[in-house]
Amino acid sequence: MKDPTRNPEEARNKGEALFALVKRLYPICRSITGNGVRETLQVIKEIIPIEIREVPSGTAVLDWNVPDEWNIRDAWIKGPDGRKIVDFQQSNLHIVSYSIPFRDTLSLVELKKHLFSLPDHPDWVPYRTSYYKETWGLCLAQRQLTSLPEGEYEVCVDSTLAPGSLTYGELLLPGLCADEVLISCHVCHPSLANDNLSGIAVATFLASQLAQRNRRYSYRFIFIPGTIGSITWLALNEHNIKNIRHGLILAGVGDTGAFHYKKTRNGDAYIDRLMLRVLRQTGRAHQVLDFEPYGYDERQFGSPGFNLPVGCLMRTPFGQYPEYHSSADDLRFVKPESLADTLDLLEQLVGTLEGETRYLNLNPRGEPQLGRRGLYDTLGGLSQTKQRQMAMLWLLNFSDGDHSLEDIADRSQLPAEELREVARVLEKNGLLKQLSSGG
Ligand code: ZN
């Protein structure tokens, strides 16, 4: 199934374009709200025509409220000798996201209550947030923290936390039918390359690719802050979600690890079978993870009141690489080849989805009486009879509108070609109907 037109140069160009977008977005200080998200969405908008939406602070969204908007201009610590020892301008990971404004002079003991480091990785700066507890904090390398002398430290956090809005981006690419494929990625992390810029880059280029081709399905891309973004989107779109047939979260897809696919809540959705089939058929190393209500936004889309069939594609799962949520998740940690390979996989997934055939059993209550219709006789020579009979039974049982012919081939271990032939016979006899849309 590998794309025969794909040549090394094309792959290299694709990888470089994806990486260039990651690199461009990397310096921006994003959070769950604020100008960093807007700036990021503006860059995406240069590539695909997303709509940028603003939801006012205080808006009730499901069991939550849209928080106040956070913006940061500067943050630093000056040591006892008056020199800056921690500087937001050097790396936006130095500020705990959502830190409230603060300006004062503190003793080392008092200061340390607001400092965060990674003892196991003494040269890395951690990524920390405090969205829902009003406090301030700064992050630094453990090696620097342990070398701080006693004395007075001047601290400046030049931020604002005030009513504003939550910003997200959305693009709907309509297809022949209203059935939707939802692709979602989060846009709320500051200078971290794999988590979340890799997902943003791959989603952007996938949308750009899809915009140029004929589409049977409609595709909806959303670029949202984690958790509160999907909750907000779901709250505002309850009327739209009935069209979502398949969904995918993209997160951490630029490192060199093998693919990890986390299945939907129900575990046997069409997207689950499709993703696993494409991973297998294209020979990519992969692992399958069962759904659990922890991780990325699949847990919001997959909350019981929505129960949408949304899986999550990652390479190395979050939390399983030491660089996760630290300054080491930088531009060296994501690779152009990995980004390009993830985009290829998704293009193959979409290509397969668009091409698959589905039938509906028109006589689904009990097995139809095949002998009465003379169907046992039309199935050729004796040697083939048994297999053809099995093909009929598999097709009739699984042509429920949800399983494709390819799913049935997978599950029954019968050749797809044979199933296709038998499906035509059943169609002629009024027992199956081919579904024309994604429906
Ligand atoms: Zn994260």
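Residues numbered from 1 in each chain as written. Predicted model: local features only at pLDDT ≥ 70, side-chain atom pairs only at ≥ 80, totals over all residues. Heavy atoms only, no water.

## Let's talk about the pairing of strand 11 (residues 180-186)
Judged by how many residues are buried, strand 11 sits mostly within the fold: seven of seven residues are covered. Where burial is concerned, the two faces of strand 11 agree: the one with Glu180, Leu182, Ser184 and His186 and the one with Val181, Ile183 and Cys185 are both buried. For strand 11 and strand 12 (residues 218-224), the ladder comprises seven bridges, and the chain directions are parallel. Paired with Cys185 across the strands is Phe223, a residue of strand 12. The parallel pair strand 11 and strand 12 is bridged by helix 5 (residues 193-211), and the resulting crossover is right-handed. Bridge count for strand 11 against strand 13 (residues 244-250) is five bridges, and the pairing is parallel. Looking at strand 13, one finds that Glu180 is bridged to Ile244. (Buried < 20%, exposed > 50% of the residue type's maximum accessible area, 1.4 Å probe, protein only. Helix = DSSP H or I, 4+ residues; strand = E, 2+ residues; numbered from the N terminus. Pairing = 2+ DSSP bridges. Right-handed = clockwise from strand over helix to strand, strands pointing away.)

## What to know about the domain arrangement of the protein chain
The assigned domain composition of the protein chain is domain 1 (8-67 + 165-355), domain 2 (70-162) and domain 3 (358-434). The gap between the C-alpha centroids of domain 1 and domain 3 is 37 Å. Counting from both sides, the interface comprises seven residues of domain 1 and, opposite them, eight residues of domain 3. In total, domain 1 and domain 3 occlude about 660 Å² of area from one another, counting both sides; carbon and sulfur atoms represent 27% of this. (Domains from an automatic or database assignment. Contact = heavy atoms within 4.5 Å. Buried area = accessible area lost by both parts, 1.4 Å probe.)

## Let's talk about the sheet that holds strand 6 (residues 102-107)
Taken in spatial order, the four strands line up as 5-4-9-6 in an open sheet, and their pairing is antiparallel. The open sheet has two free edges, formed respectively by strand 5 (84-87) and strand 6, since each of these has just one partner strand. Pairs of neighbouring strands in the sheet enclose a mean axial angle of 20 degrees, with direction left out of account. Here three bridges tie strand 4 (residues 69-78) to strand 5, and the two strands are oriented antiparallel to one another. When the sheet's bridge partners are listed, Lys78 is paired in strand 5 with Lys84. (Axes fitted to C-alpha atoms, helices over the stretch in contact; angles between N-to-C directions.)

## Digging into helix 5
Counted at 1.5 Å a residue, the expected span for helix 5 with its 19 residues is 27 Å, and the 26 Å between its end C-alpha atoms agrees. Most of helix 5 sits out of view: 17 of its 19 residues are buried. (Expected span 1.5 Å × (residues − 1).)

## Some words on the coordination of the zinc ion
Every protein donor of the zinc ion is listed here as His189 (NE2), Asp195 (OD) and His325 (NE2), and their distances to the metal cover 2.0 to 2.1 Å. Binding-site remark: the zinc ion is held by donors from one chain whose sequence spacing is H-x5-D-x129-H. Residue His189 is found in the loop between strand 11 and helix 5, and its partner His325 is found in the loop between strand 16 (310-314) and helix 9 (336-355); the two are separated by 136 residues along the sequence. (Donors = N, O, S within 2.8 Å, 3.2 Å for Na, K, Ca; no water.)

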